[in-house]
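Results of the structural survey
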Amino acid sequence: MSTLLLLAAIGLPLAAALGYATWGWRRRTTAWTGVVTTGLLAVDAIGLATTVTRHGPAHTAAGLLRADALSAWMLLGVAAVALLACWASPAYLASGHTGGRRARWYAVLLHLFIAAMATAVLAGNLGILWVAVEATTIVTAFLVGHDRTRTALEAAWKYVVICSAAIAIAFLGLVLLYYAARHTGLGSEQALDWASLTGHAHQLDPAVTRIAIGLAVLGFGAKAGLVPMHAWLPDAHSQAPAPVSALMSGVLLPVALYAVLRVKAVADPALGTGYVRTLLVILALATLALAALLLIGQRDYKRMLAYSSMEHMGLIALAAAVGSRLAITALLLHMAGHGLAKTVAFLSSGHILHHHTSAQIADVRALAARMPLLAALFGLAVLALLGFPPAALFASELGIARAGTTAGMTWVTAGAFILVAVSFAAIVAHTGRMMLGPAAGTAPQAATTDHPPATFTLTTALPMIAGLLGVAALGIALGPTTDLLHTAATIVGAP
Amino acid sequence: MTDITYPLYLDLAAGLLLLSAIGVLWRRQLAAMINLFAVQGVALAAIVAIIGVHQHSLELALVAAGLGVLRAGVLPHLARRALGNSPAEARETRPVVNVAASLLAAAALTLLAYAVTRPLVALEPSPATAILPAAVTVVLIGFFTLVTRRRALAQVVGFLLLDNGITATAFLAAAGVPLIVELGVSFDLLLVALVLQVLTTRLRSAFGSTDLDELRELHD
């Protein structure tokens, strides 16, 4: 049963990709296939979560695929955001001037992207995890460059070059870790496996492991948008089609941080908690500072959302640095809440962009008066991202702050939250400028072009409303996921 | 191959690996850079083959053959196709760091590699791990090429050098990662090269050249 669930999680999106490759994208029929398969993926993730909470970790394919509570939680996040993104895709493609061939490529790559992320979180082996994370870069390259404009191509180029180089550095780290693990007498098949690596962690040679872990954290951290190799993130997230930005920001960044968590779980018993903690605190504070600085003068609202993702990843890296169970619980909740809220924010920003043909904050005025529904969705998503209750991010940020102070990292936590407050003020000011202002004299520019934009209806808004309800629900009560979350936190969290 | 000649052959192949990386920094012609990259692919395959013969491992010998085909054949071929036959693309005209300074930097990077790999060599001293510093130098030179060259294709060659260095490290330190991971890595590398090739073509049609200095529309 658990074997079937594990294989289906990767098989479903692959089948969808194959289906789109064969039959293409048709507006009335195949356009909705992706919604069905990702819906099934969500059911599959719930099934896997139940199995894992009841019977403990499941594995298949000789341990290459493995699910414990942590991977099940990540898979739930992937499935939820993928469902929203696929649900919003038909409206996105219909509103653009996307031809049939491009739409087919879009659908194929989107589902391959989902399959790669599912593989990454279900990998039982650091090598497979690495291959899957690198695969996400490859399949998303053309999704980022989907519009084929100069800016989109520039973003795609930077994205592929920086991410591939960064992830190659992570691979060098894994190679060295493998070398150290082989030296402890582990066989070649087990030497990259979490279960055996964490079991033999105390025997690993500290000097070699220190180099290996440093490289792996830097490499995977770059893929998660952490300084110093973050330059690709604002470009790629602002140029990609809205549903793709949602997936990249909402789940791909957390998947990369999940890799950092797995590496940390091996490093802590081998090197003590201090080493990775120091490394992550430096990366987290630098990322938060950079995001806050660039948010202040931001003029582009999609880039604003991208820098907000960097800010949240910085906060998550800080929680990972703290590493207590409370911190990890808050971190996982934060990943889920940020994923859903950022999805809604990017999807609605895609519609705003479509109606204004400009991503400049200055070109969007009085949105609340002109398009109340769209403005409400964008505004609520931004409020959720800022951590207003009842959004899950309120609870998780509180949790991170508490965990930080009880772990004796009061100054670091205080510094981080001051930077978060700066970002908060900047985002409030920019969003306020988009929402408010006199409605007269600011007719959308797109009305003058040959293709008048489709009106924004309630049907189009449904996936976004669902996302917002999800964020609020997670913030009010964890319900049946409580056990899963706590088990997941014990896997990587120190007691 | 006797126990005495084994380190000798290995050192020779590692020397070729390192020299071809330095050659990439020295030459400005993009076509010459690609040829040097192909030479390095042969050196890498030779290292794996020598280790395979020494350990009497058929698997390693086959991996060596596969690596040779991919890195000395397929990838250089893809790079040459991306180069096309436009003379304007043929030279790296204004690298961020000029050639003389690049060569000095390569010397400094070699010293750095020797310094950082000391714990790696100390963990398991053997003829193979003794040349780990050379492999790590190739990684560093690859990264250096990536950040200091302005032509799109020169950056791609830098990335491929980086990857050759990492693969060499894997085989020298632990006779390679598990086969399934190695297959995945090679497949990913091939796809990255394909993606970059397509992107260079599209960049050229959108920007007229692949001088990455032109890429400055997105910034804060």
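Residues numbered from 1 in each chain as written. Chains lettered and ligands numbered in written order. Predicted model: local features only at pLDDT ≥ 70, side-chain atom pairs only at ≥ 80, totals over all residues.

**Things to note about the overall build of chain A**
- If you tally the helices and strands in chain A, you get 19 helices and 2 strands.
- Over its C-alpha atoms chain A spans a radius of gyration of 22 Å, differing by no more than 12% from the 23 Å that the globule rule assigns to 495 residues.
- Its C-alpha atoms give chain A principal-axis dimensions of roughly 70 × 55 × 45 Å.
- Taking all 495 residues of chain A together, the buried fraction comes to 62%.
- In chain A, once contacts between residues fewer than 6 apart in sequence are set aside, the share between residues at least 24 apart is 82%. (Helix = DSSP H or I, 4+ residues; strand = E, 2+ residues; numbered from the N terminus. Rg over C-alpha atoms; globule rule 2.2 N^0.38 Å. Buried ≥ 20, exposed ≤ 12 C-beta atoms within 10 Å, placed from the backbone. Contact = placed C-beta atoms within 7 Å.)

**Quick look at the confidence of the model for chain B**
Residues and elements named next belong to chain B.
- Across chain B, the average pLDDT comes to 90, with 96% of residues at or above 70.
- Mean pLDDT per element in chain B: helix H9 (residues 179–207) is the minimum at 88, and helix H4 (residues 99–116) is the maximum at 96.
- Across the whole predicted complex the pTM is 0.95, and at the interface the ipTM reaches 0.95. (pLDDT = per-residue confidence, 0-100.)

**Thoughts on the packing of helix H6 (residues 150–183) of chain A against helix H8 (residues 152–174) of chain B**
- Between H6(A) and H8(B), the least distance of the axes is 9 Å, while the angle of their chain directions is 5°. As far as their axial angle goes, H8(B) and H6(A) are roughly parallel. Together, Val161(A), Ser164(A), Ala165(A), Ala168(A), Phe171(A), Leu172(A), Val175(A), Leu176(A), Tyr178(A), Tyr179(A) and Arg182(A) of H6(A) and Gln155(B), Phe159(B), Leu162(B), Asp163(B), Ile166(B), Thr169(B), Ala170(B), Ala173(B) and Ala174(B) of H8(B) make up the contact between the two elements.
- Taken together, the residues that form the contact of H6(A) with H8(B) break down as 15 nonpolar, 3 polar and 2 charged. (Axes fitted to C-alpha atoms, helices over the stretch in contact; angles between N-to-C directions. Parallel < 35°, antiparallel > 145°, perpendicular 65-115°, else oblique. Nonpolar A, V, L, I, M, F, W, Y, C, P; charged D, E, K, R; others polar.)

**Topic: the nonpolar core**
- Counting residues in hydrophobic clusters, the biggest one holds 293 residues, and the most contacted among them are Leu75(A) and Ile47(B).
- Ranked by residue count, the leading element in this core is H6(A), at 26 residues.
- Those residues in contact with Leu75(A), other than ones at most four positions away along the chain, are Ala9(A), Ala45(A), Leu48(A), Ala118(A), Val121(A) and Leu122(A). (Core = buried A, V, L, I, M, F, W, Y, C linked by C-beta atoms within 7 Å.)

**Observations regarding the environment of Ala123(A)**
Residues and elements named next belong to chain A.
- Following the sequence through the fold, Ala123 ends up in the loop between helix H4 (100–122) and helix H5 (126–144).
- Residues Ala123 and Leu65 lie 58 residues apart in sequence; the distance between their C-alpha atoms is 4.7 Å.
- For Ala123, the residues in contact, after removing those within four places along its chain, are Leu65, Ile128, Leu129 and Ala132.

**Some points on the packing of H5(A) against H6(A)**
All names here are of chain A.
- Contact pair H5 / H6: the axes reach a minimum separation of 9 Å and the direction vectors enclose 175°. Comparing the axis directions of H5 and H6 gives the class roughly antiparallel. Each of Leu126, Gly127, Trp130, Val133, Glu134, Thr137, Ala141 and Val144 in H5 lies in contact with H6, whose residues at this interface are Ala152, Ala155, Ala156, Tyr159, Val160, Cys163, Ser164, Ile167, Ala170, Phe171 and Leu174.
- Looking at side-chain class alone, the contact of H5 with H6 contains 15 nonpolar, 3 polar and 1 charged residues.

**With respect to the interface of chain B and chain A**
- Each partner contributes to the interface: chain B provides 36 residues, whereas chain A provides 37 residues.
- Of all the elements in the fold, those that place two or more residues in the side of chain B that touches chain A are helix H5 (118–123), helix H7 (132–148), H8 and H9 of chain B.
- Looking at the side of chain B that touches chain A residue by residue, the classes come out as 27 nonpolar, 3 polar and 6 charged.

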